[in-house]
Amino acid sequence: MQVTSRYFRTTAREALLDEDLRAAMGRAEGGFIDTRKMAVEELENFEEYREFARKTKNHVLAHLDYYLTQFESNVLASGGQVHWAGNGEEVNRIVLDICRRPDIRKITKGKSMVSEESALNAGLEAAGFEVVETDLGEYIIQLARETPSHIIAPAVHKTRQAVTDLFDEHHREAGYSRVVERLDIVNQARQVLRDHFCTADVGITGANFLIADTGSIALITNEGNGDLTANLPNIHVVVTSIEKVIPDMLALGGFLRLLGRSATGQIMSVYTTLFNGPRRIDDLDGPEEFHVVLVDSGRSEILGTQFRDILRCIKCGACMNHCPVYTSVGGHAYGWVYPGPMGSVLTPLMVGQKKAPDLPYACTLNGRCKTVCPVMIPLPDLLREHRNNLVEMGQTGVVQRWGMWLWSIVARKPVLYSMMTSLYVLKLNLLARMVPAFQRGSFKYIPMMGAWTSSRDFPVPQASTFQSQWKKRALHD
Amino acid sequence: MSATASPPKTEQVALLVTCLSDLFRPQIAHAAVELIEKFGYWVDVPRQTCCGQPAFNAGEKDKTRILAENMISLFESYRYVIAPSGSCAATIKVHYPELFSEGSPEHEQCMKLGEKTHELSGFLVDVAKAALEKKSLPDARSMRIAYHDSCSGLRELGIRSQPRKLLGDRLGVDISEMSNSEVCCGFGGLFCVKYPEISTRMVDNKIVGIEKAEADVLLGGDLGCLMNIAGRLRRLGSETRVYHYAELLTDSDPGPAIGYQK
Ligand code: SF4
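## Some remarks on the environment of Ile 235 of chain A
Residue and element names in this part refer to chain A. With respect to the helices and strands, Ile 235 occurs in strand 7 (residues 235–241). Separated by 31 residues in the primary sequence, Ile 235 and Ile 204 have C-alpha atoms spaced 8.4 Å apart. Among residues more than four places away in sequence, those in contact with Ile 235 are Ile 98, Arg 101, Ile 104, Asp 201, Val 202, Gly 203, Pro 287, Glu 289 and His 291.

## Regarding unusual backbone geometry
At Leu 365 of chain A, a residue that is not glycine, the phi angle is positive and equals roughly 60°. Mapped onto the elements of the fold, Leu 365 of chain A is located in the loop between helix 16 (340–351) and helix 17 (368–372).

## Brief notes about empty space enclosed by the protein
Residues and elements named next belong to chain A. This model, assessed by the stated rule, comprises 6 cavities of 30 Å³ or more. The volume enclosed by the largest cavity comes to roughly 110 Å³. What lines the largest cavity is a set of 16 residues, and nearest its centre among them are Cys 323, Pro 341, Cys 363, Asn 366 and Cys 369. Mapped onto the lining of the largest cavity, the elements with two or more residues apiece are helix 16 and helix 17. The greatest single-element share of the lining of the largest cavity, amounting to 3 residues, is contributed by helix 16.

## Some thoughts on the site of the ligand
Lining the immediate environment of the ligand, one finds 13 residues, of which Cys 313, Cys 316, Gly 317, Cys 319 and Cys 373 of chain A sit closest. Grouping the amino acids of the shell around the ligand by side-chain chemistry returns 11 nonpolar, 1 polar and 1 charged.

## What to know about helix 3 (residues 46–62) of chain A
Within an α-helix, residues lying three or four positions from one another point in the same direction, as the helix has 3.6 residues per turn. Residues and elements named next belong to chain A. End to end, helix 3 covers 24 Å across 17 residues, agreeing with the expected 24 Å (1.5 Å per residue, within 8%). Considered for burial, the residues of helix 3 that qualify are Phe 46, Tyr 49, Arg 50, Ala 53, Thr 56, Lys 57, Val 60 and Leu 61. Looking straight down helix 3, one finds that the buried residues subtend no more than 135° of arc, so they occupy a single side. Residues Glu 48 and Lys 55 are exposed on helix 3 and point more than 90 degrees away from its buried face. As for helix 3, its buried residues are in contact with helix 2 (19–42), helix 4 (64–77), strand 8 (245–246), helix 12 (249–264), helix 13 (299–303) and helix 17.

## Quick word on the domain arrangement of chain B
All names here are of chain B. With domains assigned, chain B is organised as domain 1 (3–127) and domain 2 (134–248). One C-alpha centre belongs to domain 1, the other to domain 2; they are set 23 Å apart. In total, about 1,800 Å² of surface goes out of reach between domain 1 and domain 2, with carbon and sulfur atoms giving 67% of it. Linking domain 1 to domain 2 there are 1 salt bridge. In this structure, Arg 25 and Glu 247 form a salt bridge, with 2.8 Å as the shortest nitrogen-oxygen distance. Counting across the interface, domain 1 meets domain 2 through 10 residue pairs in polar contact (both at pLDDT 80 or more). Mapped onto the side of domain 1 that touches domain 2, the elements with two or more residues apiece are helix 1 (19–24), helix 2 (26–38), helix 5 (86–95) and helix 7 (120–127).

## Comments concerning a nonpolar patch on the surface
Residues and elements named next belong to chain A. A surface patch of nonpolar side chains, about 470 Å² in accessible area, is lined by Val 398, Trp 402, Trp 405 and Leu 406. Within the secondary structure, Trp 405 sits in helix 19 (residues 398–412). Under the relative-accessibility criterion, Trp 405 is labelled partly exposed at 43%.

## Quick notes on the interface of chain A and chain B
On the side of chain B, 66 residues touch chain A, which itself brings 68 residues to the contact. Approximately 6,200 Å² of surface area, both sides summed, lies buried where chain A meets chain B, with 57% of it carried by carbon and sulfur atoms. Per-residue buried area on chain A facing chain B is highest for Arg 456, Gln 462 and Phe 466 of chain A; these three make up 12% of the total on that side. Connecting chain A to chain B are 3 salt bridges. Residues Glu 197 of chain B and Arg 13 of chain A are paired through a salt bridge, measuring 3.1 Å at the closest nitrogen-oxygen approach. At the surface where chain A touches chain B, the tally comes to 30 residue pairs in polar contact (both at pLDDT 80 or more). For the side of chain A that touches chain B, the element with the most residues is helix 20 (residues 414–434) of chain A, which contributes 8 residues. Within the side of chain A that touches chain B, the residues separate by chemical class into 30 nonpolar, 21 polar and 17 charged.

Conventions adopted
Residues numbered from 1 in each chain as written. Chains lettered and ligands numbered in written order. Predicted model: local features only at pLDDT ≥ 70, side-chain atom pairs only at ≥ 80, totals over all residues. Heavy atoms only, no water. Helix = DSSP H or I, 4+ residues; strand = E, 2+ residues; numbered from the N terminus. Contact = heavy atoms within 4.5 Å. 1 Å grid on protein atoms, 1.4 Å probe; cavity = no way out; pocket = protein on both sides within 12 Å on 5 of 7 lines; lining within 4 Å. Points joined across faces, edges and corners; volume = space filled by probe spheres on them. Near = heavy atom within 4 Å. Nonpolar A, V, L, I, M, F, W, Y, C, P; charged D, E, K, R; others polar. Expected span 1.5 Å × (residues − 1). Buried < 20%, exposed > 50% of the residue type's maximum accessible area, 1.4 Å probe, protein only. Arc of directions from axis to C-beta. Domains from an automatic or database assignment. Buried area = accessible area lost by both parts, 1.4 Å probe. Salt bridge = Lys/Arg side-chain N within 4 Å of Asp/Glu carboxyl O. Polar contact = N/O pair within 3.5 Å; in protein donor to acceptor, adjacent residues only side chain to side chain. Patch = residues over 30% accessible without salt bridge, like charges linked within 9 Å, V, L, I, M, F, W, Y side chains within 5 Å. Areas by Shrake-Rupley, 256 points an atom, 1.4 Å probe, with all protein chains shown as cover.

What follows is the structure, encoded as structure tokens:
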């Protein structure tokens, strides 16, 4: 997927003016937060599960080679095939190689964020295949020719009205009528997609967890589209990334308790399916071929850095649902596959810091994401870590660099500091006295501070600094 | 406060004034001194600068380290270090130790300083076990007060019930809780001037909560957030007044709110 993160400022500003986006995000935000809270409170030892998940992931990441090899050999033993993809280009090439056969034309696809990284759909379409997204949200944005704006609710930015129009535009020719009500929209999508499920030659899905000691793929959805995508065509291709491996079914049980609750506030998502290799001789259905594409794309490099914790991420989306920046500007502003707090940590690592200079700074470090993350990723600390790196590489703006330099000189010298601060307070007070409108206690405008005063008043300081007042008090006593 | 009467530093409380209060609203620091003294502590204000929070959050670790060392030498000999700000207290308590490698003498010093550093309400309630007497504010009963939980204090120090308890004891009123009291107001230090449009949207969302709670007064414990919220309220022509919670706990009248003058 094309990286547009460097335009964060502009796209965020535009997004703030989009009233439809505001309406859509406002509704979603409340829903996600309240339902999660209820589902979390329902599980008494939720915190213990978080701790379990954190430790399990840490353990796996420390022995990633072992678990991946174990996973691979178990997939092979069940008759499946494993492909290792070092980067996005390789992902697309591997999938194309699997699909390039005379009788293959249509590909159905379940939700897979990993496949978004390398814009797999575009690659397949360019090679002449028909690709149909089958997750309702993904289907909507495919019709709109957009990219996901949320990792579990890809079309969260769309209003119902927009979906009505989209469906009308794309389904009318096939004889469908205009649908307005939520249920009618879902039903129409179901009908349209059913035809695609039955006629697809290849099904591509993602995976939520890879279970090392059985070679199983755990796929968790609410619509069941993943199962139809995986089971009906002759070939099932799983595109997934290496950090998703977990040791065993016991661990899966723990993660399942966290995932549904954190993602959508469900105690359990509607469909939890384990896929093990292709159809066996006495199976009634299932694909004849089962491929797993294990994607690295920079993850093994992250493993060796101070950002390793981000690889624990189970892509639940809770951090973005609780992020006041994300819910203000929406997911597209972040400019790549992963938005919100986890995206701001991951994107610079995967596409390069220079291509996403704003993301680590576009955060108030309020820490709400960290408190809801089911695998306890210290997201604000990792963002600060990015900032540290940018400073070390001399990649910060001139204003910050010189401003900080000056500040640190002054702040190191208490006498200079008290002189400068007193002078500043005096200056502001003089300014306030000069302009009658400011005498009511607030500045409407201060030179060089337009970024503040463009939307907020600034208080006129009280007479003199506290420290100078304290000095006087000490002298009096 | 004559020199002869002062106890040794190891029994004194040092006030960390905080830059914003020092510059823009000394009344908050005065209120903090009054409250701490009320419980029998001797308060000293060593000549100080900044704890380094803006530099730390900007990724300027080296510069923060220098300021941290400066702060350590200023404050380490006191019994307690109290700040009328959750984010400044958290910088010392939570983040200073991250600046130095574990096992180094500086790290050790940071840990020790951290242990005795507290946010004001946390200190008064949890350490001093303060029970404030009820004071009679003429219109306290009819006044609706909302409380904004600033992020650092709330999530890094667990400050939530403490200011509410103090306010309840002192004013005899319950807080009119906002549904979004724990959501960031969009200040975020340099964030608010780096991304002013996003910051403004965030403070507007906060104000929706204030309006829903029908608050006449909004209180909080971090002047940065309060200046942000007060500044936006005033720009929008709102009647809601904003104070630091400490200003309402003292014996004297709190006077004009943030952004107002007599
Ligand atoms: S960082 Fe944590 S909260 Fe965010 S998507 Fe990943 S697991 Fe979920």
